[in-house]
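# Structural features, examined
As a plain string of letters, each chain reads:
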Amino acid sequence: MRTIRVAERCTRCPDLAANRSCIVHGYGAADAHVLFIGEAPGYKGGDVTGVPFTLDRSGVRLQRMLIELGLSHETDPRLEQPHLHCFLTNVVRCNPPSNRTPTRVEAANCLPYLWQELELVNPRIVVPVGNVAARAVFPHLLDQPAPPITRVHAQVFAHDSGWVVPMRHPARISNADLARFSEVLGRLLRSDPSS
């Protein structure tokens, strides 16, 4: 597994730098065809493990889905450093105080790191997880503002070199919506010869 360290020792956001246990870099297969983008590391998850979408409730739910889709080598969704066939990252690299939603300024400060990762990994499928990630991805890859995530969850949007498939945040998603997303992504993975 590879960690892409594009944000080493960053202090662009003083509140975030003071609150974090660590900077959470992107993690996963460097040649991944699928890249998941969350909003920020959770204080019981990525901020503890240093790996996005691990350990906390959201991470375990996402990891379970990755296992079911064959995007993880693992059988245990609670591992702190899973061996993945995909890449996990966040818009914001540090856990915000009180686990709050990152501000637009904080997101803007971290976006250059996200664009570097997208360029390095070059995935076919980008999954913005939640509104913060969708607000970053839609203008950048689809040249349009992001609709609310509840309206675009599990829809497939084509862009120049692949697809964007938005997902509601794992902490706020029903089991039915998670299953629907998994079905849509699974279909897309089966139909993509490069996956």
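So, a few notes on the structure that sits alongside this text. (Residues numbered from 1 in each chain as written. Predicted model: local features only at pLDDT ≥ 70, side-chain atom pairs only at ≥ 80, totals over all residues. Heavy atoms only, no water.)

### Regarding the sheet that holds strand E5 (residues 125-128)
The strand order across the open sheet built from seven strands is E1-E2-E4-E3-E5-E7-E6, with neighbouring strands paired in mixed fashion. The sheet is open, and its two edges are formed by strand E1 (2-4) and strand E6 (157-159), each paired on a single side. The sheet shows a mean angle of 20 degrees between the axes of neighbouring strands, taken without regard to direction. Examined bridge by bridge, E5 and strand E7 (residues 162-164) share two bridges and lie parallel to one another. The partner of Val 126 across the bridge, within E7, is Val 164. (Pairing = 2+ DSSP bridges. Helix = DSSP H or I, 4+ residues; strand = E, 2+ residues; numbered from the N terminus. Axes fitted to C-alpha atoms, helices over the stretch in contact; angles between N-to-C directions.)

### Re unusual backbone geometry
Peptide bonds are mostly trans, and most non-glycine residues show a negative phi. The phi dihedral of Leu 55 is positive, around 75 degrees, even though this residue is not glycine. Judged by its relative accessible area of 30%, Leu 55 is partly exposed. Unlike most non-glycine residues, Asn 122 shows phi in positive territory, near 55 degrees. (Buried < 20%, exposed > 50% of the residue type's maximum accessible area, 1.4 Å probe, protein only.)

### Describing helix H7 (residues 175-191)
Its 17 residues place the ends of H7 24 Å apart at the C-alpha level, agreeing with the 24 Å of an ideal helix rising 1.5 Å per residue. Burial in H7 covers these residues: Asp 177, Leu 178, Phe 181, Ser 182, Val 184, Leu 185, Gly 186, Leu 188 and Leu 189. Buried positions along H7 lie against strand E3 (34-38), helix H3 (57-69), E5 and E7. (Expected span 1.5 Å × (residues − 1). Contact = heavy atoms within 4.5 Å.)

### Things to note about the packing of aromatic side chains
Within this structure, the stated rule accounts for one aromatic pair. Centre to centre, the rings of Phe 138 and Phe 157 are 5.2 Å apart; their planes meet at 70 degrees, and the pair counts as edge-to-face. Linking Phe 138 in helix H5 (residues 131-142) with Phe 157 in strand E6, this pair joins segments that are 19 residues apart in sequence. Residue classification places Phe 157 among the buried positions, given a relative accessible area of 17%. (Phe/Tyr/Trp six-rings, centres within 6.5 Å; stacked < 30°, edge-to-face > 60°.)

### Description of the environment of Ile 4
Inspection of the secondary structure puts Ile 4 in strand E1. Given the relative accessible area of 3%, Ile 4 is considered buried. Sequence-wise, Ile 4 and Gly 162 are 158 residues apart; in three dimensions their C-alpha atoms are separated by 22 Å. Leaving out residues up to four positions away in the same chain, Ile 4 has contacts with His 25, Gly 26, Phe 87, Glu 117, Leu 120 and Val 121.

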